[in-house]
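Survey of secondary and tertiary structure
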Amino acid sequence: MAGQVIRAPRAFDGTRALHDGISVFVQDGKIAGVEPVDAPVPENWQLMDYPQGTLLPGLIDMHCHLGADSHDGGLQRMDSDSEERLEEVIDDSLRRQLAAGVTTVRDLGDRNWSVVRRRDMARGIGTADRMSPTIVAAGPPITTPDGHCAFMGGAVEGPQHLRAAVRARVERGVDVVKVMGSGGLNTPGTDVSSCQFTLEELRLIVDDAHTAGLPVTVHAHALAAVEQALDAGADGIEHCTCLTADGVRITDALLERLARQGTTVCPTLGVTARGVPPPPVKATMERFGITVEERQQASARMHRAGVRLVSGADSGINAGKPHGILFAAIAGLAAGGVPADAALATATSLAADACGIAARKGRLRRGLDADLLVVRGDPLEDMAALAEPLAVLISGVQARGAA
């Protein structure tokens, strides 16, 4: 069967820049070859030439909530939305992500398995009529009664119920176990500067998940929750804000430990240009002295210390963090001082590694899925280029309305 060739004068292959351009050969939904920009096009193959573009692997948003509607209060509204409304929100969220060049999403908190069900429905569907990012799903996060996001259906208490919670996720076939290690900015009454579980409880969750072959990532704003996640052997930490009663505290010793243990950190940067935090979030930020710039610089400091970073925007939770804002999370790393190629890797190759899908996605490499993004300009010189997709392809099929 004839294929297609996607050509651009610049490329990022998931790990490095290719300044001399590239031709990616696509056949049967896979990358059939990666050749120089002037490679001849086989007879009857389609040429898609983007002389003003840069070609990259499709982006991977490592922290989103597809059931949240991209407006203020979106996370909490999942609690009251009807099942029909929730399905509509998930549809819209996926469309927004795809239009922004995101071809894989990692959902880290749905209500009552809604995104897990959507993932299961979507498997095997790859037609142009049902184009959608690949979904990596956690289901409802494991949390405490009245804890952060308890309304999603994952609140449990006591060793027996914690084991049952992990078992339920194994039976549902989740891709990752999400645990709320501290309180959250969007759940009134929870404490963002302290732990929700004991170390023994968190260690039980991690050990049972690992026995079943599942990774664990822990929501942790509190420094104590970050340290607890490390003590328990968690694979990832979301936010990693490191809050104490006296403000943010990130020591060199902590960074060295994060790097030594190989823990993946998703700092959840990224807001719209005019994004204003909802009042409760703004109040918490002011209380602890958190600013966008401080978060960017702290993330860059983690990178310099050798911490494994990935990018996710906490997409969907409010108007400042709508679905389709991943480019701002990547740009936030660069603004803090992370080199452009390293920042792009956090949403391509490193993200695929952390999701366990590196054999399929995240790189421009023969045999991988032809999930591709072409943007106008050069993001290695100006990250604003990421906000201008020229083409988005899933398994070699161009997404409608995504360019």
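Going by the structure above, here's the rest.
Rules used throughout
- Residues numbered from 1 in each chain as written.
- Predicted model: local features only at pLDDT ≥ 70, side-chain atom pairs only at ≥ 80, totals over all residues.
- Heavy atoms only, no water.
- Buried < 20%, exposed > 50% of the residue type's maximum accessible area, 1.4 Å probe, protein only.
- Helix = DSSP H or I, 4+ residues; strand = E, 2+ residues; numbered from the N terminus.
- Contact = heavy atoms within 4.5 Å.
- Core = buried A, V, L, I, M, F, W, Y, C linked by side-chain atoms within 4.5 Å.
- 1 Å grid on protein atoms, 1.4 Å probe; cavity = no way out; pocket = protein on both sides within 12 Å on 5 of 7 lines; lining within 4 Å.
- Points joined across faces, edges and corners; volume = space filled by probe spheres on them.
- Nonpolar A, V, L, I, M, F, W, Y, C, P; charged D, E, K, R; others polar.
- Pairing = 2+ DSSP bridges.
- Axes fitted to C-alpha atoms, helices over the stretch in contact; angles between N-to-C directions.
- Parallel < 35°, antiparallel > 145°, perpendicular 65-115°, else oblique.
- Left-handed = near helix turned anticlockwise from the far one by under 90°.

Given 3.6 residues per helical turn, the α-helix brings residues three or four places apart onto the same face. Residues of helix α10 (residues 326–336) that are buried: L326, A328, A329, I330, G332, L333 and G336. Among the structural elements, β8 (59–64), β9 (102–107), α9 (292–304), β16 (308–309) and α11 (340–345) are those in contact with the buried residues of α10. Immediately beyond the C-terminal end of α10, within one or two residues, lies G337, with a positive phi of roughly 125°.

I142, V177, L258 and I330 are the most contacted members of the largest nonpolar core, which has 87 residues in total. Ranked by residue count, the leading element in this core is helix α6 (residues 223–232), at six residues. Residues contacting I142, with those up to four places away along its chain left out, are G154, V156, L162, A165, V166, R169, V177, K178, V179, M180, F197 and I205. A8, I31, M48 and L55 belong to the second largest nonpolar core, which has 18 residues in total.

The subject of this paragraph is empty space enclosed by the protein. If a probe the size of a water molecule is rolled over the atoms, the empty space left behind becomes visible. Tallied over the full model, the rule gives one cavity of 30 Å³ or more. When its volume is computed, the largest cavity comes out at roughly 60 Å³. As for the largest cavity, its lining consists of 13 residues, of which P57, K361, G362, D369 and D371 are closest to the centre. Residue composition of the lining of the largest cavity, by class: four nonpolar, four polar and five charged.

Before going further, it helps to spend a moment on the sheet that holds β8. A sheet is described by the order of its strands in space; here three strands give the open sequence β8-β9-β10, paired in parallel fashion. Of all the strands in the sheet, just β8 and β10 (134–137) have a single pairing partner and so form its edges. Strand-to-strand twist in this sheet, taken as the mean axis angle between neighbours without regard to direction, amounts to 20°. Here β9 runs beside β10; their pairing, made up of four bridges, is parallel. Bridging from a neighbouring strand, T104 pairs with T134 of β10. Contacting β8, β9 and β10, helix α2 (residues 83–99) crosses the sheet at an angle of about 135° to β9. Helix α3 (residues 114–122) rests against β9 and β10 of the sheet, and its axis sits at about 140° to β10.

For the pair helix α4 (residues 159–172) and helix α5 (residues 199–211), interaxial distance at closest approach is 9 Å and the crossing angle is 30°. Relative to α5, the element α4 is oriented roughly parallel. By crossing handedness, the relation of α4 to α5 is classed as right-handed. Judged by residue contacts, P159, L162, R163 and V166 of α4 engage E201, L204, I205, D208 and A209 from α5. A breakdown of the residues in the contact of α4 with α5 according to their chemical character gives six nonpolar, no polar and three charged.

Here we take up the layout of surface pockets. Approximately 730 Å³ is the volume found for the largest pocket. In terms of lining, the largest pocket is formed by 38 residues, of which the most central are T268, G270, V271, M285 and K321. Secondary structure elements with two or more residues in the lining of the largest pocket: β11 (177–180), β12 (216–222), β13 (236–244), α8 (279–288), α9 and α10. Counting residues per element, the lining of the largest pocket draws most heavily on α9, which supplies three residues.

A separate point is unusual backbone geometry. Positive phi values are uncommon outside glycine, yet S70 reaches one of about 70°. In this structure, S70 sits in the loop between β8 and α1 (74–77). Positioned with a positive phi, S395 is a non-glycine residue whose angle comes to about 50°. Note on placement: S395 falls in the loop between β18 (389–394) and β19 (397–398). Look at S395 and you get partly exposed, because its relative accessible area is 31%.

Moving on: the packing of α5 against α6. It is at 9 Å that the axes of α5 and α6 come closest, and there the two elements cross at 50°. The angle between α5 and α6 places the two elements in the oblique class. For the pair α5 and α6, the crossing hand works out as right-handed. Contacts between α5 and α6 pair L199, L202, R203 and V206 from the former with Q228, A229, D231 and A232 from the latter.

All right, on to α3 then. Buried within α3 we find S114, V115, V116, R118 and R119. Structurally, α3 contributes buried residues whose contacts are with α2, β9, β10 and α4.

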